[in-house]
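# Close look at the chain arrangement
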Amino acid sequence: MREESISNAMDFSSHDVFQRIMPHIHAWKKLYGKNYLIWHGPQAQLVVTEPELIKEILNNKDGKYLKGKLDVISKKLIGEGIIFTEGEKWLKLCRIANHAFYVESLKGMIPAMIASVETMLERWRQNEEKEIDVYKESRLLTAEVISRTAFESSYLEGENIFDMLTKLGMIAARIRFLAWRMIDKRAEKMRRGEENNYGSDFLGSLIKANHDPDEKNSISIDDMVDECKTFYLAGQETTNGVLAWSIFLLAIHTDWQEKARKEVIQLFGQENPNLEGIARLKTMSMILNETLRLYSPVINLLRRVEREARLGKLIIPANTEFYLPLLALHHDPETWGQDVHLLKPERFAEGVAKATSINITGFIPFGFGPRMCVGLNFAVNEAKIALSMILQRYQFTLSPNYVHDPIQILIVRPQKGIRIVLRKIRVCLAVEGRGAMIIISLSTGVCIFLLVALIRFLHKVWWTPIRIHNIMRSQGIKGPAYRFLHGNTKEIIQMREESISNPMDFSSHDVFQRIMPHIHAWKKLYGKNYLIWHGPQAQLVVTEPELIKEILNNKDGKYLKGKLDVITKKLVGDGIVLTEGEKWSKLRKIANHAFYAESLKGMIPAMIASVETMLERWRQNEENEIDIYKESRLLTAEVISRTAFGSSYLEGENIFDMLTKLGMIAARNGFRIRFPGMEKFFKLRDDLESDKIEQAIRESIIGMIDKRSEKMRRGEENNYGSDFLGSLIKANHDPDEKNRISIDDMVDECKTFYIAGQETTNGVLAWSIFLLAIHTDWQEKARKEVIELFGQENPNPEGIARLKTVSII
């Protein structure tokens, strides 16, 4: 069946590679159902395409599903490395691999990836306007990258190994010899004193583990050789497939090629990619995910049971194998719809979790469960860097000589390569001023446009302020005079700058006069309620308690939330703080659920653990000075991370830092006057920087959401979690549209609660410690109360509710 299916080229208007590569699975699934029995010689194999059963097998909670046994030659190819080991040996190898490919290590690999892509693009310059075989080119590139990053060598050094892995059958013994030689070469450098350690790359981690004095952590020479073979193969073949097939798809679907290029230019311009930008490549992520779905590098997984086992409702006899065809899942119309064989990257517009909401195992190109591929982020980062640098320089189309003939040899690959034609992009530069970009476009109707614009402008900045001023004056409301365009902003800025120019005496805590000198002065001058101007926008300052009560009670719903300036809105988003009506009710319900009494009780252990971490630091500084504001900032950031988002401060650190930067930009621009529509034509440096930060925050939060959803998909969690983030994800998946919230709502709510949950509590805690440090009599009263209630034990919910003195402080 396989020989027949690949005997002719296929039409690439459809990407139905499942029927071509696995014709037996395709045909027998229709004939015998989702799960059926086939025979590999006398070995029974249960083909499983039912997502829930695949989830159960790959989660392997009871440890009864073992890796499938390889045939003799395949075992020579991969060896007994991380892919096929079990138990303690797998844990040992997994720990080494995770260490070599964790986030900080990946960050350090980016320069090597960029250098390898630049080497490839240098070759391409000789072939502009000509055909190249992009599969061959990406094979060279990915081989070079895995050599540089995991083995600190070049492709030329590892070329022999790559070639022999390709021709494996005859020369397995020589691969082992060359791998030994590579290991010895690194160890020799260490012995000769040319290196301080074995290196921080994957090979270095292996050699270090080989020399580990603890037998539990030590690995043998054979283990090292097998791991090298595995990572040479997996690190090169899979990424090669992803990169080459994504270029093939973009060469056909030039609309998506242009969307990807636009995103790359917006993020990097003509500069090389950087880690922050790579994480924000949303369109490219969608394209790569769709490539992985249509042309999955790995088409199947094997598992087995040694003893009789129950799978779902089935009793599985001992020594049965499970054949899990990933390609069948990725081309299943029940999950993906009737257009399953067409390129539609928009399936992944809201992340993998949303795309696979029907079946969480519907998309598992890198496996699923505890044995998911450790090189996932490595492969994706490499593909993103290579594609970005190609898109910056070239447009490409499929060669008319290309023949579409995918086959499977280890991975899904093109039998005769992927031939494309390169066309160099001519870059047009816009006129750029310092801190701003101005685009001027003239047309025949420009005079009429300018006249209408002038009338609207004068109406907003002159006639409307005069009208409002007269209406309020007739009712006895006074205030400082309106200044054309600026209103009172210049006066306010000057008064604020003067008031904070010197430190204040803390025998008095009159921060009102210092922080809001304009309100303090004008209230004395004009009375409790008076009119001021934020540019041409009238603002009625209200300090009369009864009127404030009426506004905030808002019984008739006529008092709406104030509009934020552009940059502050990027900081807070369109979340619970600024929404109105039904949307506000929906978001409020989620927040109430996440922070109701029982939930708060459950958060106390996490709060205590965070405080203990802080106090542990303080032990190193007894009798020394510490900055309590900085310390309480770290503490409150850790607490909101743990309790609302189920993570640690370190995981959310990037988000906190970016929110702080954005907050500082917002503070700088708080009194800046803007006119509607001007941002389309004129952007200052702060506007451009805030755009970048806002996008980066969004990508980080979506990454956090995807991570939680991924745990659910892999079966590590039974639900999305009972914390605030879990409540948001649950609401995003709610089948009732009235309760459902969008991805944008989730991002905005996360921003709001990161800020509100950290900044406000930070302020309360730091200033209360400041006050107790001055007023030591109250410090002693508070301590006495705490000792009476808790002694030297940690606080508990019952006692916290009885802290009367602490509450009044």
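Residues numbered from 1 in each chain as written. Predicted model: local features only at pLDDT ≥ 70, side-chain atom pairs only at ≥ 80, totals over all residues. Heavy atoms only, no water.

Our working rule: UniProt positions are given in the numbering used here, feature names are shortened, and annotations may be inferred rather than shown by experiment.
The protein goes by Cytochrome P450 in an unreviewed UniProt entry, where it is assigned to Rhododendron griersonianum. UniProt's Subcellular location (unreviewed entry) comment on the protein is quoted here verbatim: "Membrane". As stated in UniProt under Cofactor (unreviewed entry), the record for the protein gives "heme".

## Structural notes on the packing of aromatic side chains
Defined as follows: Pairing of aromatic rings covers Phe, Tyr and Trp, the last through its six-membered ring, and needs centres within 6.5 Å; plane angles under 30 degrees mean stacked, over 60 mean edge-to-face, and all others mean tilted. Strands are runs of DSSP state E lasting at least two residues, helices are runs of H or I lasting at least four, and both sets are numbered from the N terminus onward. Three labels apply to residues, based on accessible area from a 1.4 Å probe with only protein chains included: buried if under 20% of the type maximum, exposed if over 50%, partly exposed otherwise in between. Cation placement over rings: the criterion is NZ of Lys or CZ of Arg within 6 Å of the ring centroid and within 35° of the ring normal.
As enumerated under the stated definition, the model contains 18 aromatic pairs in all. Between Trp245 and Phe248, the aromatic rings sit 5.4 Å apart at their centres with planes inclined by 85°, giving edge-to-face as the arrangement. Note that Trp245 and Phe248 are positioned in helix α12 (residues 221–252) at a spacing of three residues, about one turn of the helix. Of the residues examined, Trp245 reaches a relative accessible area of 0% and is grouped as buried. Judged by its relative accessible area of 0%, Phe248 falls in the buried class. Here Trp245 and Tyr295 contribute two aromatic rings whose centre-to-centre distance is 4.3 Å and whose plane-to-plane angle is 15°, an arrangement assigned as stacked. Residue Trp245 is located in helix α12, and its partner Tyr295 is located in the loop between α15 (282–294) and β5 (300–305); the two are separated by 50 residues in the primary sequence. A relative accessible area of 1% means that Tyr295 is categorised as buried. Clustering of aromatic rings is evident, with ring pairs tying together Phe12, Trp245, Phe248, Tyr295 and Tyr402. Over the ring of Trp256 we find Lys259; its NZ or CZ atom is 4.0 Å from the centre of that ring. It is Arg293 that lies over the ring of Trp336; its NZ or CZ is 5.1 Å from the centre.

## Section: the nonpolar core
Note the threshold: Throughout, nonpolar core names a set of buried Ala, Val, Leu, Ile, Met, Phe, Trp, Tyr and Cys residues whose side chains join them through atoms within 4.5 Å. Two residues qualify as a contact provided that any one of their heavy atoms is within 4.5 Å of a heavy atom in the partner residue.
Counting 77 residues, the largest nonpolar core has Trp124, Phe396, Ile418 and Ile420 as the members making the most contacts within it. Beyond its immediate chain neighbours, meaning those up to four positions away, Ile418 contacts Ile132, Asp133, Val134, Tyr135, Ala244, Trp245, Phe248, Leu398 and Tyr402. Counting 41 residues, the second-largest nonpolar core is a separate cluster that includes Val572, Ile576, Leu725 and Cys750.

## A word on unusual backbone geometry
The general pattern is negative phi for most residues beyond glycine and trans for most peptide bonds. For Asn319, which is not glycine, the phi dihedral falls at a positive 65°. Position of Asn319 among the secondary structure elements: in the loop between β7 (314–316) and β8 (320–325). Using a relative accessible area of 53% as the deciding quantity, one classes Asn319 as exposed. Of note, Asn554 is a non-glycine position whose phi angle comes to about 50°, a positive value. Note that Asn554 resides in the loop between α24 (545–553) and α25 (566–572). According to the relative accessible area criterion, Asn554 is partly exposed, its value standing at 22%.

## Quick look at the sheet that holds β8
Under the convention used in this document: Any two strands between which DSSP finds at least two bridges are classified as paired. The axes are straight lines fitted to the C-alpha atoms, using for helices just the contacting stretch, and the angles between their N-to-C directions are given from 0 to 180°.
If you trace the five strands from one edge of the open sheet to the other, you get β1-β2-β8-β5-β3, paired in mixed fashion. A strand with exactly one partner marks an edge of an open sheet, and here the two such strands are β1 (35–40) and β3 (66–67). Relative to β8, β5 is paired through six bridges, and the arrangement is antiparallel. Note that in β8 the partner of Arg304 across the bridge is Glu321. Against the sheet, helix α3 (residues 23–32) makes contact with β1, β2 (43–48) and β8, and its axis sits at roughly 135° relative to β1, the strand it touches most. Helix-sheet contacts for helix α4 (residues 51–59) involve β1, β2, β5 and β8, and the interaxial angle to β8 is about 120°.

## Considering the sheet that holds strand β4 (residues 131–133)
As summarised here, the arrangement of the three strands in space is β4-β12-β9, forming an open sheet in which the pairing is antiparallel. Each having just a single partner strand, β4 and β9 (394–398) make up the two edges of the open sheet. Each adjacent strand pair in this sheet contributes to an overall mean axis angle of 40°, direction not counted. As paired strands, β9 and strand β12 (residues 419–424) are joined by five bridges and run antiparallel to one another.

## A few points about a nonpolar patch on the surface
What counts is decided by this rule: Each patch is built from salt-bridge-free residues with over 30% relative accessible area, joining like charges within 9 Å and nonpolar side chains (Val, Leu, Ile, Met, Phe, Trp, Tyr) within 5 Å. Computed with a 1.4 Å probe, the accessible areas rest on the Shrake-Rupley method; for each residue, only the protein chains presented here act as cover. For salt bridges, the criterion is a side-chain nitrogen of Lys or Arg within 4 Å of an Asp or Glu carboxyl oxygen.
A cluster of nonpolar residues, Leu451, Leu454, Ile455, Phe457, Trp462, Trp463, Ile466 and Phe484, forms a patch on the protein surface that exposes about 760 Å² of accessible area. Counting through the fold element by element, Leu454 comes out in helix α20 (residues 446–473). Residue classification places Leu454 among the partly exposed positions, given a relative accessible area of 45%.

## Some thoughts on the pairing of β5
When you tally the buried positions in β5, you get five out of six residues, the bulk of the element. In terms of strand pairing, β3 meets β5 through two bridges, oriented antiparallel. Its bridge partner being in β5, Lys67 is matched across the sheet by Arg303.

## A short note on empty space enclosed by the protein
Formally: Only protein atoms enter the 1 Å grid used here, on which a cavity is any set of points holding a 1.4 Å probe that cannot leave and a pocket is any open set flanked by protein within 12 Å on both sides along at least five of seven lines; residues with an atom within 4 Å of a point are listed as lining. Grid points are joined across faces, edges and corners, and a volume is the space filled by probe spheres set on the points. Each residue is assigned to one class: nonpolar for Ala, Val, Leu, Ile, Met, Phe, Trp, Tyr, Cys and Pro, charged for Asp, Glu, Lys and Arg, and polar for all the others, Gly among them.
With the rule as written, the count across this model stands at two cavities of 30 Å³ or more. Empty space within the largest cavity amounts to approximately 60 Å³. Forming the boundary of the largest cavity are His469, Met472, Arg473, Ile477, Lys478, Gly479, Pro480, Leu531 and Trp533. Those elements that place two or more of their residues in the lining of the largest cavity are α20 and β15 (529–534). Residues that form the lining of the largest cavity fall into these classes: five nonpolar, two polar and two charged. If you add up the space inside the second largest cavity, you get close to 40 Å³. Lining the second largest cavity, in full, are Glu350, Ala353, Lys354, Ile705, Asp706, Ser709, Ile729, Asn732, His733 and Ile743. Broken down by class, the residue content of the lining of the second largest cavity amounts to four nonpolar, three polar and three charged.

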